[in-house]
Amino acid sequence: MELRSQTSLVASVLCFALAATVLFRPRKRRVHWLFLLFDSTVGAWYLSWFLAYESASRPLFERLNLVFAVALPLAAVQFFRAFLSHESVRSVQLNRVAVGLALGMIVAVFTPLYPSVGLGTLIVLYVAVLLSSALALIYRVGRRARSRFDGERLGFLAGSGAVATVFTLAEYLPYVGVNIPPVGTVLMLVFLFVLSQSILKDRLLDLYELAGRLTVLTALSFSLAGILWILVFADPGNFYLHSVVAALVLLLVFDPVRQQVERRITQIIFRQRFDLELLATELKQKLANVLTKAELVRVFVEAFEGSRRVSHASIFFLDDEHHSFELKGHVGMVPVARLEVATARPLLARLNKDEFVVLENLEREIEEKREMGDQRDAHELSEIVSILEQLNASVCVAIRGDAETYGLLTVRDERRRDAFSTEEVQLLRALGAAASVTVENARLYERLKERDRLAALGEMSAGLAHEIRNPLGAIKASAQFLAEGSDGPGKEFLDIIVEEVDRLNRVVGSFLDYARPGAGGGAAEPIDVNATTERTLQLLGPQLGPGIERALQLGSPLPMVRIDPERLRQVIINLALNAVQAMEGTGTLVVRTLARGTRGAGDAAVARWVEIHVVDTGPGIPANVRENLFVPFVTTKERGTGLGLAISQRIVSAAGGMIEVRSSATRGTTFVVRLPAEPGLSGSALVTGPKAAFDQRVSSAPGIAQPSSGSTVLPTEPSASSTGGGSDGRGATGAGETASRLASIR
């Protein structure tokens, strides 16, 4: 078998293999089908070469070889035209001329002229003129392209196509009687491989990287050939042994040689990526010693300010309420300062899937979706593109933990589109992962600081309680002693002293409750939320006032929850008293219980949460007050401590639940206490009823002492911290007077 025959067979097999990689792509566009046509034509051309040399029907396959030789440049022109965004007059004229010339030459092939050198010369000229004209057209269109990306892409295609054309013409020289080794076959196959990657990988920089990898492989191949040549030159008699030795040597030096070659190529060809790799390495080293978000932002901003790799960069973090991502630092043009979570849901969904988003990839996906007729997906992708434009980003990376996204890291290079290669995007993704670890460490650090602060506060509060409560006891006892024998005007002032001493004692108690580490846990046990809620409101009944309408709505049935019943009663009392104070003596207080969420399906479905809603018809809570609603010692009440809601939140959180606030500045407020349901346990089956039924259930509730004739039911003393007053910010004067009376009644 001759050398050209062998290379032609191998080339045809590889061409059809490349065609198969594109054919098996799930969704194919017009450019994919045209590449299949071009690549299959080349494969058929090489296969006809092989059959013309090896088959007995040589004249037939020689004619077929000439037919495919004429069809090859025509298929190439059709493929190149697919890269033009708009058909020009010249491209249409070129296509018409190519089709006319091809038909004329194919007819000539089946005439007695086919073995002549003249026909072969015409075919070579036809191929040279047609391919050169097509590549020149692509080059001119690329020079006038509005997008720099499109211009560089067409320029890359024209340049690599020109090189391939030269070696393709070398393959046509046998038609004019010039027989040379089939060197052009190898380079033609390399060009076809590059073309296949150009349609499978839309990013231009990926093609440049492909060229870099080919350079690395070429360098290693020449290294192996050089080692083998030296060994054969030194000892010509043992070729097999020399091949084994050369392969072993190459395997030993493969990794260091490959790393050095790739490093040099990266420094020369991909200088910007090399700079980004250095930036990523330095950032990771610095982030290892960062323990706060503020320091993390400062490190990122300083690093990107000193880098020439990006023109814009920004970092966003989720706010405490999880409502929006807020800008914490940026380089270059200022992006949007606040991105609402609701608005960013399409972007967040994409980040949850891929952890990064690239603007140029999205734009190409949109074009592909629209070409496929998938308008819905194209619209969703367009929303993500709009969000990235607001962020002034071409690459967005998620800063996320196991269950949520903490923030967003965005970069952009306005000097060019498609500025970041796949490897560079992965570097940015690694930076996002490093930032995620830093955020987690910052959270743990803040928790440790909070624990240490509470421990110190607990120690201080113990001494404070000792130093304050002893004098308070003496002051109260003295005032009560003086008040017993006094009926004059001074008795009123003595009563004020006693009342204020009681209030100050409760403030100290609230302070101790909040400062005590682990406050809120209590003796947790499975309890019936309906029964606990009903008993608690029975205790509060006399204190609600005649102007407050009551409505109790108990879900049926409810699962049990695991919490200390006294702690839960403390939470309900605090929320109910806050609601009463907000309504200023007139309004409706609604307390309801219900189950939320389900686990399982059918008869096995059980609730995941039990909720207690405390609803009032007061004026509502302004937005600026809601931000600090659960902050300790922050209150708008004249006599409140600002600890009531903070303690309630800690109690519920310790039980694995949460407290939500639903309010506006003008309408009523709803506090939602959400507790995890205890699996496998059910509470009482109580249903919603009118006020009369409610009063009847209260009077007959188990565990509540019933009054005898002529006696009065008096509520027990609630927890001191439950009446300390929370920061609900609705203008109430506080629970001081009511709380003091509750504390004094037995």
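In this report, we go over the structure that sits alongside the text. Note that the structure is a prediction, hence the values are computed from the model and not measured.

1. A look at the overall build of the protein chain
A tally of helices and strands in the protein chain yields 22 helices and 13 strands. When each of the 746 residues of the protein chain is scored for burial, the buried share is 46%. Residue pairs in contact within the protein chain that sit at least 24 positions apart in sequence constitute 72% of those at least 6 positions apart. Accessible surface computed for the protein chain: about 36600 Å², of which carbon and sulfur atoms make up 59%.

2. Quick notes on the pairing of strand 9 (residues 559-563)
Along strand 9, 4 of the 5 residues are buried, which leaves the element largely enclosed by surrounding structure. The pairing of strand 7 (residues 525-527) with strand 9 spans 3 bridges and is antiparallel. If you follow P526 over to strand 9, its bridge partner there is R562.

3. What about the side chain of S8?
Turning to its location among the elements, S8 is positioned in helix 1 (residues 3-23). The exposure class assigned to S8 is buried, which follows from its relative accessible area of 2%. Not counting residues up to four positions away in its chain, the partners in contact with S8 are Y46, W49 and F50.

4. Points about the pattern of salt bridges
A complete count under the given rule lists 19 salt bridges for this structure. Two residues, K476 and D502, come together in a salt bridge whose shortest N-O distance is 2.7 Å. With a gap of 26 residues between them, K476 in helix 15 (residues 422-484) and D502 in helix 16 (residues 490-515) connect regions that are remote in the sequence. Using a relative accessible area of 26% as the deciding quantity, one classes K476 as partly exposed. Between R674 and E660 there is a salt bridge, with its nearest N and O atoms 3.1 Å apart. Remark: E660 occurs in strand 12 (residues 658-662) and R674 occurs in strand 13 (residues 670-682); sequence separation between them is 14 residues. Via salt bridges that share partners, D319, E326, K328, R338 and E340 belong to a single interconnected network.

5. Points about the nonpolar core
Among the nonpolar cores identified, the biggest contains 54 residues, and F38, F80 and Y172 are the most heavily contacted of them. Elements that contribute at least two residues to this core include exactly helix 1, helix 2 (30-54), helix 3 (58-81), helix 4 (89-109), helix 5 (117-143), helix 6 (148-172) and helix 7 (183-200). The leading source of residues in this core is helix 5, at 12 residues. Excluding residues within four positions of it along the chain, F38 makes contact with L72, A75, A76, F79, M188, L192 and L195. If you look at the next biggest cluster of nonpolar residues, it comprises 41 residues, including I527, L552, I572 and I612.

6. Some points on the packing of aromatic side chains
Given two aromatic rings, one states the distance between the centres and the angle between the planes to describe the pair. A complete count under the given rule lists 5 aromatic pairs for this structure. Residues F38 and F79 carry aromatic rings whose centres are separated by 6.0 Å and whose planes lie at 15° to one another, so their mutual orientation is stacked. Of this pair, F38 sits in helix 2 while F79 sits in helix 3, and the two are 41 residues apart along the sequence. Since its relative accessible area comes to 2%, F38 is described here as buried.

7. Some remarks on helix 17 (residues 529-540)
Working note: α-helix, 3.6 residues per turn, so residues spaced by three or four point in the same direction. Between its first and last C-alpha, helix 17 extends 17 Å over 12 residues, near the 16 Å set by a 1.5 Å rise per residue. Where burial is concerned, most of helix 17 is hidden: 11 out of the 12 residues are buried. Of the positions making up helix 17, those classed as buried are V529, N530, A531, T532, T533, E534, T536, L537, Q538, L539 and L540. Where helix 17 starts, the residue carrying a side-chain oxygen 3.0 Å from the main-chain nitrogen of N530 turns out to be D528.

8. Let's talk about the environment of V614
Relative to the assigned elements, V614 resides in strand 11 (residues 606-615). In this structure V614 comes out as buried when scored by relative accessible area, which is 1%. Between the C-alpha atom of V614 and that of F671, which follows or precedes it by 57 residues, the distance is 5.2 Å.

9. Here we look at the sheet that holds strand 6 (residues 405-412)
Strand order in the open sheet made by the 6 strands is 3-2-1-6-5-4, with antiparallel pairing throughout. Two strands lie at the open edges of the sheet, namely strand 3 (338-340) and strand 4 (356-358), each paired on one side alone. With strand direction ignored, the average angle separating the axes of adjacent strands in the sheet is 20°. Bridge count for strand 1 (residues 312-318) against strand 6 is 6 bridges, and the pairing is antiparallel. Paired with A313 across the bridge in strand 6 is V411.

10. Digging into helix 4
Taking 1.5 Å of rise per residue, 21 residues should cover 30 Å, and helix 4 covers 30 Å from first to last C-alpha, within 8% of that figure. The inward-facing, buried residues of helix 4 contact helix 3 and helix 5.

11. Looking at unusual backbone geometry
Note: most residues except glycine have negative phi, and most peptide bonds are trans. In this model, E355 sits at a positive phi of 70°, which is unusual for a non-glycine residue. The topology assignment puts E355 in the loop between helix 12 (345-354) and strand 4. Relative accessible area serves as the criterion here: at 32%, E355 is assigned to the partly exposed category. The phi dihedral of E584 is positive, around 55°, even though this residue is not glycine. Within the secondary structure, E584 is located in the loop between helix 18 (565-583) and strand 10 (587-599).

Rules used throughout
- Residues numbered from 1 in each chain as written.
- Predicted model: local features only at pLDDT ≥ 70, side-chain atom pairs only at ≥ 80, totals over all residues.
- Heavy atoms only, no water.
- Helix = DSSP H or I, 4+ residues; strand = E, 2+ residues; numbered from the N terminus.
- Buried < 20%, exposed > 50% of the residue type's maximum accessible area, 1.4 Å probe, protein only.
- Contact = heavy atoms within 4.5 Å.
- Areas by Shrake-Rupley, 256 points an atom, 1.4 Å probe, with all protein chains shown as cover.
- Pairing = 2+ DSSP bridges.
- Salt bridge = Lys/Arg side-chain N within 4 Å of Asp/Glu carboxyl O.
- Core = buried A, V, L, I, M, F, W, Y, C linked by side-chain atoms within 4.5 Å.
- Phe/Tyr/Trp six-rings, centres within 6.5 Å; stacked < 30°, edge-to-face > 60°.
- Expected span 1.5 Å × (residues − 1).
- Polar contact = N/O pair within 3.5 Å; in protein donor to acceptor, adjacent residues only side chain to side chain.
- Axes fitted to C-alpha atoms, helices over the stretch in contact; angles between N-to-C directions.

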